[in-house]
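Fold and contact review
In case you want the letters, here they are:
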Amino acid sequence: LGLLRYRALIRNLVIKDLRLKYRDAVLGFIWSLVLPLFTILVYYAAFGLILKLDFPNYLVFLVVSLLSWNFFATSTLSSTTAIVGNSSLVRKIAFPWEVLPISCVLFHLVQFLVAMGVLLLLIPVLSTIRLGWQTVWLVPLIGLHVLFTIGVAIALSVAATLWRDVRHMTEMALPLLFWITPIVYTVDRAPERMRVLMRANPLGAFALTYQDILFNGSVPTLAGSATIAVWTGAALLVGYLLMRGYYTRLVEEL
């Protein structure tokens, strides 16, 4: 709650990163709309027109899962340099260092929300899926997804400041996590002994819940919601404890 006092700083950091990303581009922020639209159309051409997979509405299944995964992966990877990359700032201004990984996550959240908005508009056009009232469940789901990612990002930002190899380890871990998460395949196609693990781990629980809402047209399951809530609380607690517990060492490192 104390971080709310620094919401203006967080907002300015996010705006600064967005401006830097599109600073020299002619279209500017419009690229945030063009890029996800182009990506979705590429997947449509590949899987809908060329491969013609025997999987109804596979394009929606794939893009829904990929968007949520990309938000987590890009946020966590960029958080590994959130503190180290802003060492000059933390030496000059007194503020909670959690602000830095939080701003990283919110920066990627803006792009995720834009891409998700484009997807919601294209689902009725590119598939036979008709979105219903269950779509409102995206609001609490995305909220929990953001909080979970913030917790992981804070923990990684601390670890990567103390041990610089953490960034490289994160780069190695993300592809492994991608393939053991039901993103390009349905969970029922995984080995039976792996299905419980996929539903119990946070990334699998988030992916399956996004699929339930936008692909299956159903409300999130109680088990999936409980899994997400528990992992979100655990991630925030671990991130907070690491930042508080290693703050002195972080100061020494910088």
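Please refer to the structure higher up on the page.
This write-up is about the structure you can find in this document. Computed from a prediction, not measured in an experiment: that's the story for all the values here.

For the coordinates displayed, the defined rule picks out 10 aromatic pairs. Pairing phenylalanine 61 with phenylalanine 215 gives two aromatic rings, centres 5.4 Å apart and planes at 70°, and the pair type is edge-to-face. In this pair, phenylalanine 61 is assigned in helix α3 (residues 58–79) and phenylalanine 215 in helix α9 (residues 202–216), connecting sequence segments 154 residues apart. Both residues of the pair, phenylalanine 61 and phenylalanine 215, count as buried. Between tryptophan 69 and phenylalanine 178, the aromatic rings sit 5.7 Å apart at their centres with planes inclined by 65°, giving edge-to-face as the arrangement.

What follows concerns the pattern of salt bridges. Under the counting rule described, the total for this entry stands at 3 salt bridges. Put simply, lysine 16 and aspartate 17 hold a salt bridge, and the shortest N to O gap is 3.8 Å. When its relative accessible area of 36% is taken as the criterion, lysine 16 is described as partly exposed. Between glutamate 98 and arginine 244 there is a salt bridge, with its nearest N and O atoms 3.0 Å apart. Remark: arginine 244 occurs in helix α10 (residues 222–245) and glutamate 98 occurs in the loop between α4 (87–92) and α5 (99–126); sequence separation between them is 146 residues. Taking relative accessible area as the criterion, glutamate 98 reaches 6% and is therefore assigned buried.

At a minimum axis separation of 8 Å, helix α6 (residues 138–162) and α10 run at an interaxial angle of 30°. The angle between α6 and α10 places the two elements in the roughly parallel class. Both α6 and α10 take part in a crossing whose hand is left-handed. Where α6 approaches α10, its residues Leu141, Leu144, Leu147, Phe148, Ile150, Gly151, Val152, Ile154, Ala155, Ser157 and Val158 are matched on the opposing element by Ile228, Trp231, Thr232, Ala235, Leu236, Val238, Gly239, Leu242 and Met243. For the contact of α6 with α10, a count of residues per class yields 16 nonpolar, 4 polar and no charged.

With that out of the way, let us pick up empty space enclosed by the protein. On inspection of all chains with the given rule, the structure shows 2 cavities of 30 Å³ or more. Taken together, Ser65, Ser68, Trp69, Phe72, His145, Thr181, Ile183, Leu203, Phe206 and Ala207 form the lining of the largest cavity. Every element with two or more residues in the lining of the largest cavity is listed here: α3 and α9. Among the elements that make up the lining of the largest cavity, the one with the highest residue count is α3 (4 residues). Classifying every residue of the lining of the largest cavity gives 6 nonpolar, 4 polar and no charged.

With that settled, consider the side chain of threonine 186. Along the polypeptide, threonine 186 turns up in the loop between α7 (165–179) and α8 (192–200). For threonine 186, the side chain forms a polar contact with the side chain of aspartate 188, separated by 2.4 Å. Beyond its immediate stretch of four places on either side in the chain, threonine 186 contacts Phe55 and Phe61.

Let's shift gears to the layout of surface pockets. The volume enclosed by the second largest pocket comes to roughly 370 Å³. What lines the second largest pocket is a set of 20 residues, and nearest its centre among them are Phe72, Phe148, Val152, Leu177 and Leu203. Elements that contribute at least two residues to the lining of the second largest pocket include exactly α3, α6, α7, α9 and α10. A total of 5 residues in the lining of the second largest pocket trace back to one element, the largest contributor, which is α6. In terms of residue class, the lining of the second largest pocket is made up of 15 nonpolar, 5 polar and no charged.

Counted at 1.5 Å a residue, the expected span for α10 with its 24 residues is 34 Å, and the 34 Å between its end C-alpha atoms agrees. By the burial criterion, the buried members of α10 are Gly224, Thr227, Ile228, Thr232, Ala235, Gly239 and Met243. The secondary structure elements touched by the buried residues of α10 are α6, α8, α9 and α11 (247–253).

Parameters and conventions
As a convention, each chain's residues are numbered from 1 in the sequence order in which they are written. The predicted origin of the model limits local features to residues at a pLDDT of at least 70 and limits the giving and counting of side-chain atom pairs to 80 or more, whereas totals for whole chains, interfaces and linings rest on all residues. Side-chain measures here rest on the full set of heavy atoms in the structure, leaving out hydrogens and waters. Only rings of Phe, Tyr and Trp enter the pairing, Trp through its six-membered ring, and a pair is recorded when the two centres are within 6.5 Å. The plane angle decides the type: under 30 degrees is stacked, over 60 is edge-to-face, the rest tilted. Secondary structure elements are defined from DSSP: runs of H or I of at least 4 residues count as helices, runs of E of at least 2 residues count as strands, and each element is numbered from the N terminus. Only protein chains enter the accessibility calculation, which uses a 1.4 Å probe; a residue is then buried when its area is under 20% of its type maximum, exposed when over 50%, and partly exposed in between. We define a salt bridge as a contact between a side-chain nitrogen of Lys or Arg and a carboxyl oxygen of Asp or Glu at a distance within 4 Å. For helices, the axis comes from a line fit to the C-alpha atoms of the stretch in contact; other axes are also lines fit to C-alpha atoms, and the angle between any two N-to-C directions lies between 0 and 180 degrees. Should an angle fall under 35 degrees it is taken as roughly parallel, and over 145 as roughly antiparallel, whereas 65 to 115 is taken as roughly perpendicular and any remaining angle as oblique. Note on convention: near helix rotated counterclockwise from far helix by under a right angle means a left-handed crossing. Clockwise means right-handed. Contacts between residues were defined by any pair of non-hydrogen atoms, one from each residue, lying within 4.5 Å. In this count, Pro and Cys sit with the nonpolar residues alongside Ala, Val, Leu, Ile, Met, Phe, Trp and Tyr, while Asp, Glu, Lys and Arg are called charged and the others, Gly among them, polar. For each structure, a 1 Å grid was placed over the protein atoms alone; sets of points admitting a 1.4 Å probe that cannot get out are labelled cavities, open sets with protein on both sides within 12 Å along at least five of seven lines are labelled pockets, and lining residues have an atom within 4 Å of a point. Grid points are joined across faces, edges and corners, and a volume is the space filled by probe spheres set on the points. Here a polar contact means two N or O atoms within 3.5 Å. Within protein one must be a hydrogen donor candidate and the other an acceptor candidate, and residues neighboring in sequence count only if both atoms are side-chain atoms. To estimate the expected span of a helix, subtract one from its residue number and multiply by 1.5 Å.

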